[in-house]
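Descriptive analysis of the structure
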Amino acid sequence: FVGLALMLALLYRAYERHMKSEAAVLSANRRRALRAAFALLVHDWQSAGAVDALSAEALPLSRFAPLLARLRPDLSAWQIGVIFEALDARKRGFLDPAEFDAVLCALHVRFESAPPIRAIRAHRLRLRARAMLRDLRVTLALDALVLLNVALITWEGSLAAPPATNASTPAFEPGSGE
């Protein structure tokens, strides 16, 4: 009886080691496949003419949405946007390879009911604001507004400063008797 229990314990330990190594191999294969898929998506985006500083390592919503819509045709546009926002942990408007690793979890998301119209509008407004802030013209316009504000503050400060005393007219000093 003791020998049987010992043999069963050894078999269990060997099985446990085997399953851990198998899980590690599966996890490594999954990571490798996700990295390859990410590289293909980014490469397709670059070949479509969207080459900028972020395109070598970023996947925007415009490239992610068709992929998710193809994999999950039951999702509406707002649901895809919500999933993208959930995956975009750093809230930059694009996915990097580390954030893309969670895309398999996104395939299993189920929505209970539609959010209120106000939430959908707010979501769309956030996406538009992000797109505007990435535009160079908007960035330059905001920088110009900041410089104009600094100039106005400086000009206003120079108006409020006391006038400089003229050296030809003596200034009144208390206790001088004049």
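Everything in this summary refers to the structure shown in the same document. All values derive from a computational prediction rather than experimental measurement.

1. Things to note about the pattern of salt bridges
- According to the stated counting rule, one finds nine salt bridges in the structure shown.
- Beyond isolated ion pairs, a larger network of salt bridges with shared partners links Arg90, Arg92, Asp96 and Glu99.

2. Brief notes about the packing of helix H2 (residues 61-71) against helix H3 (residues 77-87)
- It is at 10 Å that the axes of H2 and H3 come closest, and there the two elements cross at 120°. Viewed along their axes, H2 and H3 adopt a mutual orientation that is oblique. Helix-helix and strand crossings are classified by hand; for H2 and H3 the assignment is right-handed. Listed contacts from H3 to Leu61, Phe64, Ala65, Leu68 and Ala69 of H2 are Ile80, Ile83, Phe84 and Leu87.

3. Describing helix H6 (residues 117-134)
- With 18 residues, H6 should cover 26 Å at 1.5 Å per step; its first-to-last C-alpha distance of 26 Å lies within 8% of that length.
- Regarding H6, the residues found buried are Ile120, His123 and Arg130. In a view along the axis of H6, the buried residues occupy a sector of 90°, so they form one face of it. Seen from the buried face of H6, the exposed residues on the opposite side, beyond 90 degrees, are Ile117, Arg118, Arg121, Leu125, Arg128 and Leu133.
- Among the structural elements, H3 are those in contact with the buried residues of H6.

4. Digging into a nonpolar patch on the surface
- Taken together, the side chains of Leu133, Leu142, Leu145, Leu148, Leu152, Trp155 and Leu159 make up a nonpolar region of the molecular surface, amounting to roughly 750 Å² of accessible area.
- Sort the elements by how many residues they give to the nonpolar patch and helix H7 (residues 136-160) lands first, with six residues.
- Here Leu148 is to be found in helix H7.

5. Considering unusual backbone geometry
- Look at Lys91: it is not a glycine, yet its phi comes out positive at around 55°.
- One can find Lys91 in the loop between H3 and strand S2 (94-95).
- Residue Lys91 is classed as partly exposed on the basis of its relative accessible area of 47%.

6. Description of the packing of aromatic side chains
- Following the criterion strictly, the structure yields three aromatic pairs and no others.
- On the basis of an interplanar angle of 50° and a centroid distance of 5.6 Å, the ring pair of Phe64 and Phe84 is categorised as tilted. Of the two residues, Phe64 is situated in helix H2 and Phe84 in helix H3; the sequence distance between them amounts to 20 residues.
- Classification of Phe64 as buried rests on a relative accessible area of 0%.
- Judged by relative accessible area, Phe84 falls into the buried class, the value being 1%.

7. Some thoughts on the nonpolar core
- In this structure, Leu59, Phe64, Leu87, Leu95 and Phe100 are the most contacted members of the largest nonpolar core, which totals 16 residues.
- Breaking this core down by element, the ones donating at least two residues are helix H1 (2-47), H2, H3 and helix H5 (103-106).
- Among residues more than four places away in sequence, those in contact with Phe100 are Leu34, Ala37, Phe38, Leu41, Leu59, Leu67 and Leu95.

What counts and how
Residues numbered from 1 in each chain as written. Predicted model: local features only at pLDDT ≥ 70, side-chain atom pairs only at ≥ 80, totals over all residues. Heavy atoms only, no water. Salt bridge = Lys/Arg side-chain N within 4 Å of Asp/Glu carboxyl O. Axes fitted to C-alpha atoms, helices over the stretch in contact; angles between N-to-C directions. Helix = DSSP H or I, 4+ residues; strand = E, 2+ residues; numbered from the N terminus. Parallel < 35°, antiparallel > 145°, perpendicular 65-115°, else oblique. Left-handed = near helix turned anticlockwise from the far one by under 90°. Contact = heavy atoms within 4.5 Å. Expected span 1.5 Å × (residues − 1). Buried < 20%, exposed > 50% of the residue type's maximum accessible area, 1.4 Å probe, protein only. Arc of directions from axis to C-beta. Patch = residues over 30% accessible without salt bridge, like charges linked within 9 Å, V, L, I, M, F, W, Y side chains within 5 Å. Areas by Shrake-Rupley, 256 points an atom, 1.4 Å probe, with all protein chains shown as cover. Phe/Tyr/Trp six-rings, centres within 6.5 Å; stacked < 30°, edge-to-face > 60°. Core = buried A, V, L, I, M, F, W, Y, C linked by side-chain atoms within 4.5 Å.

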